[in-house]
Amino acid sequence: MDWLTLLGLALALAMDAFAVALATGTVLSRLTGRHLFRLGFHFGLFQALMPVIGWLAGQTIIQWVSAWDHWIAFGLLALIGGRMIREALSEEPPADERDPTRGLNLVMLSIATSIDALAVGFSLSVIGVSIWLPALVIGLVAGALTVAGMLLGGRIGSRWGSRVEVLGGLILIGIGLRILIEHLSA
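Peer 1: Describe in detail the overall build of the chain, supporting the description with residues and values.
Peer 2: Within the chain one finds seven helices and zero strands. Taken from the N to the C terminus, the helices and strands of the chain come in the order α-α-α-α-α-α-α. Burial status across the chain gives 48% buried among its 186 residues. By sequence separation, contacts in the chain at least 24 residues apart represent 93% of the contacts at least 6 residues apart.

Quick look at the structure:
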């Protein structure tokens, strides 16, 4: 696999991570280095590991996952997006658990943004491409675009407040719907 193809693949896989990071950056009242590291590291790690898992899984497991991956991604993104919208419209003061770069939200977002990489890993195994360099490049690109998305989202969120949090939730739901529609129409 040539470098241009590999970089294009990595960028394509990182677009969901970038969009989710953008939405996540809008939610946080104050974006810190910890937030950037946690989300960038986890998104990069999951984006790197999923192709490896797909590459190793073989045809039996990938057929089961590919039949449901779009539903899993949609469900996770819709759940988190719905929570964001509910909390933005709520009269209650913000809770500490709203930080999407921690706990179960972080894991769910990491899985939802990287689940398509399973199929990519399987595809690379079918065409006989070693997975190690592509996984590294995919993970690094996803991590870098995640940090960039969070920084941009933080700037937007600081200017427009909770309205942007509602928009961020809608974006997450929209990404989930796009994934669902693409897979159902294929």
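Peer 1: Explain the pattern of salt bridges to me, and be specific about the residues and the numbers.
Peer 2: Evaluation of the coordinates by the stated rule reveals three salt bridges. Two residues, arginine 178 and aspartate 16, come together in a salt bridge whose shortest N-O distance is 2.3 Å. Placement of the pair is arginine 178 in helix H7 (residues 162-185) and aspartate 16 in helix H1 (residues 3-27), with a sequence separation of 162 residues. Relative accessible area serves as the criterion here: at 37%, arginine 178 is assigned to the partly exposed category. Overall, aspartate 16 belongs to the buried group, its relative accessible area being 10%.

Peer 1: Account for the packing of aromatic side chains, naming residues and giving values.
Peer 2: Per the counting criterion, the structure on display carries two aromatic pairs. Their ring planes at 20° and their centres at 5.4 Å tell us that phenylalanine 37 and phenylalanine 41 sit as a pair that is stacked. Residue phenylalanine 37 and its partner phenylalanine 41 are both found in helix H2 (residues 33-57); the two are separated by four residues, about one turn of the helix. With a relative accessible area of 41%, phenylalanine 41 lands in the partly exposed category. Ring geometry for tryptophan 55 against tryptophan 132: centres 6.2 Å apart, planes inclined by 65°, an arrangement best described as edge-to-face.

Peer 1: Pulling in residues and values, what's your account of the nonpolar core?
Peer 2: Counting residues in each nonpolar core, the largest one holds 42 residues, and the members touching the most others are Val20, Leu77 and Leu172. At the level of secondary structure, the elements contributing two or more residues to this core comprise H1, H2, helix H3 (59-89), helix H4 (103-114), helix H5 (116-126), helix H6 (132-160) and H7. Sorting elements by how many residues they give to this core places H1 first, with ten residues. Residues contacting leucine 77, with those up to four places away along its chain left out, are Val20, Leu109, Ala112, Leu172, Ile173, Ile175, Gly176 and Ile179.

Peer 1: Give me the lowdown on the packing of H2 against H4, citing residues and values where you can.
Peer 2: For the pair H2 and H4, the least separation of the axes is 9 Å and the interaxial angle reads 45°. In this view, H2 runs oblique relative to H4, as classed from their interaxial angle. As H2 packs across H4, the resulting crossing turns out to be right-handed. Here H2 contributes Arg38, Leu39, His42, Phe43, Phe46, Gln47 and Met50 to the contact with H4, which in turn contributes Leu106, Leu109, Ser110, Ile111, Thr113 and Ser114. Considered class by class, the residues forming the contact of H2 with H4 number seven nonpolar, five polar and one charged.

Peer 1: Run through H4, naming residues and quoting values.
Peer 2: Here H4 is twelve residues long and its end C-alpha atoms lie 17 Å apart, about the 16 Å a rise of 1.5 Å per residue gives. Of the residues making up H4, those classed as buried are Asn105, Leu106, Met108, Leu109, Ser110, Ala112, Thr113 and Ser114.

Peer 1: Just give me the short version of a nonpolar patch on the surface, but keep the residues and values in it.
Peer 2: A surface patch of nonpolar side chains, amounting to about 470 Å² of accessible area, comprises Phe37, Phe41, Leu45, Leu49 and Ile53. A residue is classified by how much of its surface remains accessible, and phenylalanine 37, at 55% relative accessible area, is exposed.

Peer 1: Explain the side chain of threonine 24 to me, using residue names and the numbers behind them.
Peer 2: Turning to its location among the elements, threonine 24 is positioned in helix H1. Once residues within four sequence positions are removed from consideration, threonine 24 is found in contact with Leu39, Pro100, Thr101, Leu109 and Met150.

Peer 1: Residue-level account of the environment of serine 29, with values.
Peer 2: Relative to the helices and strands, serine 29 is located in the loop between H1 and H2. Take serine 29: its relative accessible area is 81%, and that puts it in the exposed class. Between the alpha carbons of serine 29 and glycine 154 there is a distance of 8.0 Å; along the sequence they are 125 residues apart.

Criteria and cut-off values
- The residue numbers shown here count from 1 along each chain, following its written sequence.
- For a predicted model such as this one, the threshold for reporting local features is a pLDDT of at least 70, and the threshold for listing and counting side-chain atom pairs is 80 or more; totals across whole chains, interfaces and linings nevertheless cover every residue.
- To get the side-chain values, all heavy atoms of the structure are used, and hydrogens and water are removed first.
- Under the scheme used here, helices are H or I runs from DSSP no shorter than 4 residues and strands are E runs no shorter than 2 residues, and both carry numbers assigned from the N terminus.
- Under the scheme applied here, a residue whose accessible area is under 20% of the maximum for its type counts as buried, over 50% as exposed, and between as partly exposed, the area being computed with a 1.4 Å probe on protein chains only.
- We call two residues in contact whenever any of their non-hydrogen atoms come within 4.5 Å of each other.
- We define a salt bridge as a side-chain nitrogen of Lys or Arg found within 4 Å of a carboxyl oxygen belonging to Asp or Glu.
- Aromatic pairs are defined between Phe, Tyr and Trp rings, using the six-membered ring for Trp, whenever the two ring centres lie within 6.5 Å; interplanar angles under 30 degrees are classed as stacked, those over 60 as edge-to-face, and all others as tilted.
- What makes a nonpolar core is a set of buried Ala, Val, Leu, Ile, Met, Phe, Trp, Tyr and Cys residues whose side-chain atoms join them at distances within 4.5 Å.
- Note on definitions: angles span 0 to 180 degrees between N-to-C directions of axes, and those axes are lines fitted to C-alpha atoms, for helices only across the stretch in contact.
- Angular relationships are summarised with four words: roughly parallel below 35 degrees, roughly antiparallel beyond 145, roughly perpendicular across 65 to 115, and oblique for the angles in between.
- In a left-handed crossing the near helix is turned counterclockwise from the far helix by less than a right angle, and in a right-handed crossing that turn is clockwise.
- Each residue gets one label: Ala, Val, Leu, Ile, Met, Phe, Trp, Tyr, Cys and Pro are nonpolar, Asp, Glu, Lys and Arg are charged, and the others, such as Gly, are polar.
- Each helix should span, by expectation, one fewer than its residue count multiplied by 1.5 Å.
- Each patch is assembled from residues with relative accessible area greater than 30% and no salt bridge, linking like charges that lie within 9 Å and nonpolar side chains (Val, Leu, Ile, Met, Phe, Trp, Tyr) that lie within 5 Å.
- Computed with the Shrake-Rupley method and a 1.4 Å probe, the accessible areas treat only the protein chains shown as cover for residues.

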